[in-house]
Amino acid sequence: MTDPGNPALLRQDVRERLLALDRPLRIGISGSGFVARGLMQLLGSMHHRYHVSKVCSRRPASLLHGIDGSISITGSPLALVDNSDLVIECSGKVAAGAKVLQAAIAADKPVLTMNAELQLTLGGAFSRSGLVFEAQGDQPGSIVSLAAEALAMGFKPMVYGSQKGFLDPDPEPASMLHWAERQGISLSAVTSFTDGTKVQIEHALVANALGASIAAPGLVGVHASELSEGALTLAELASRLGDPISDYVLQPGGRGEVFVVGTHDAPPEMLSYYKLGEGPFYLLVRPYHLGHFEIPLSIDRLTSGYPGLLRPPSEAVWSVAAIAKRDLAPGDRIERGVGSFEVRGQVIRIRDEPDHLPIGLIEDAVVARNIRQGQLVRRQDLGLPPSCPFELWQGTLQPSR
């Protein structure tokens, strides 16, 4: 299992190949949503270092507003990979994203993702390749990056955390549509942020990647008016459990901070001098996560061999199950589990719920039997399409699970 003391690094031969290039790095982008469009604009301003060589999207070019007309669009993962030195997968999709990763690995091309849903659900299937990593910018990658810095300074992490400003486990569709249009992001994305599914996915991913525990099913999510108060409460809980934990603080008005709480062997007065308090727990905060703007930092980590990239273990301990938001009847359709109005996500230990269906696998599904509101969705409850990578997910489970 990957942990902070065993950093995830790109294979040396691939790293050397990238460093030997005497031209801008060709970047292929999988996805055409908010993150992908922003990344195209950002990399376009760094043309001396990067060239966006191809974009893979299932949407036709005529519908991709805000994308430079000179950028080549394809619907083929193979074409994307063939025209790239490095692929960045940020589609937000699980099954489609997995096809891109499979094509890249077959071609011996490295991949950075900003797709926690994909990495949590199927990342373990690609872990041993040494080619696929989650970028910093979204909370999981930024937490792991900060954890690497904390370790380099001698801290012993107890909490891998993030700040969340709002939570409504069953939001109204009209409200979600309003915020999606106002913020320029997809309806499913804003819904998954609001109902807590995204934060569940993020912290399950961090727990798996760093060998941490989850203190309670569905996370603790300490409510606090100050981040420091909630973070230290989580540290005390981790101390009682005897293991580092991955969790969040619900603090209205925050700025999307990520943080690590740790102990240190240095004299307390020395850390107090640097305004970290009297101990025994010390809070390190990065007061932002900036999405696609941080991806170039991960490209640098990738090519330099500097620790701080996120790679899930090949065998998972934690997953995010689907919980019904309302009664569901046979024949009901769920277009996409993450960010839907039918289900929301909740972290579970896989061995405790071995027949659960990960929420990331619920795409184009049909309800096969009655599911009550609040019930955990199991594999036999839904009919899944042939495109569902269920068997690929099963391969990431520990044999004892």
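Residues numbered from 1 in each chain as written. Predicted model: local features only at pLDDT ≥ 70, side-chain atom pairs only at ≥ 80, totals over all residues. Heavy atoms only, no water.

## Some words on the overall build of the protein
What counts here: Secondary structure counts use DSSP, requiring at least four H or I residues in a row for a helix and at least two E residues in a row for a strand, with both numbered from the N terminus. Atoms counted for the radius of gyration: C-alpha only. Globule rule: 2.2 Å times residue count to the power 0.38. Per-residue accessibility, obtained with a 1.4 Å probe over protein chains only, is compared with the maximum for each type, and a residue is labelled buried under 20%, exposed over 50%, and partly exposed between these values. Contacts were defined at the residue level, with two residues in contact if any of their heavy atoms lie within 4.5 Å. Accessibility throughout is a Shrake-Rupley quantity obtained with a 1.4 Å probe, and a residue counts as covered only by protein chains that appear here. Within this scheme the basic residues Lys and Arg register as positive and the acidic residues Asp and Glu register as negative, but His and the chain ends are omitted. Where a charge lies is defined by one atom per residue type, namely NZ (Lys), CZ (Arg), CG (Asp) and CD (Glu).
Counting secondary structure elements, the protein contains 13 helices and 16 strands. By the compact-globule yardstick of 21 Å for 401 residues, the protein fits well, its C-alpha radius of gyration being 21 Å. Reported as C-alpha extents along the three principal axes, the dimensions of the protein are approximately 60 × 60 × 45 Å. Scored against the burial criterion, the 401 residues of the protein give a buried share of 55%. Within the protein, contacts between residues separated by at least 24 positions form 73% of all contacts whose residues are at least 6 apart in sequence. As presented, the protein carries roughly 16800 Å² of accessible surface, and 52% of it is formed by carbon and sulfur atoms. One finds the centroid of the 36 positive side-chain charges in the protein at a distance of 4 Å from the centroid of its 42 negative side-chain charges.

## Some words on helix α5 (residues 116–126)
Of all eleven residues in α5, ten are buried; the element is thus mostly enclosed. Regarding α5, the residues found buried are Ala116, Glu117, Leu118, Gln119, Leu120, Thr121, Leu122, Gly123, Gly124 and Phe126.

## Concerning the nonpolar core
The test is simple: Joining through side-chain atoms within 4.5 Å is the link that ties buried Ala, Val, Leu, Ile, Met, Phe, Trp, Tyr and Cys residues into a set, and such a set is a nonpolar core.
Judged by nonpolar contacts, the single largest core of 99 residues is most densely connected at Ile27, Ile29, Ile88, Leu112, Tyr160, Ile299 and Leu382. A total of eight residues in this core trace back to one element, the largest contributor, which is helix α9 (residues 197–210). Aside from chain neighbours lying at most four places away, what touches Leu112 is Leu86, Val87, Ile88, Glu89, Phe133, Ala135, Ile295, Ser298, Ile299, Leu302 and Leu309.

## Details of unusual backbone geometry
Among all residues except glycine, the phi angle is most often negative; among peptide bonds, the trans geometry is most common. Residue Pro280 is bonded to the preceding Gly279 through a cis peptide linkage, with omega at 5 degrees. One non-glycine residue with positive phi stands out, namely Leu219, at about 70 degrees. Note on placement: Leu219 falls in the loop between α9 and β8 (222–223). Take Leu219: its relative accessible area is 8%, and that puts it in the buried class. Within the chain, Lys275 stands out as a residue other than glycine whose phi angle is a positive 65 degrees. Classification of Lys275 by relative accessible area gives exposed; the value is 75%.

## Notes on the sheet that holds strand β9 (residues 245–250)
The condition that has to hold: Pairing between two strands requires that DSSP report at least two bridges joining them. Fitted lines through C-alpha atoms give the axes, limited to the stretch in contact for helices. The angle between two N-to-C directions lies from 0 to 180 degrees.
One open sheet accounts for five strands, arranged β8-β9-β7-β10-β11; its pairing is mixed. One side of each edge strand has no neighbouring strand; the edge strands of this open sheet are β8 and β11 (282–286). Alignment of strand β7 (residues 156–164) against strand β10 (residues 258–263), held across six bridges, turns out to be antiparallel. The residue of β10 that forms the bridge with Pro157 is Gly262. Strands in contact with helix α10 (residues 227–241) are β7, β8, β9, β10 and β11; relative to β9, the strand with the most contacts, it is inclined by about 150 degrees.

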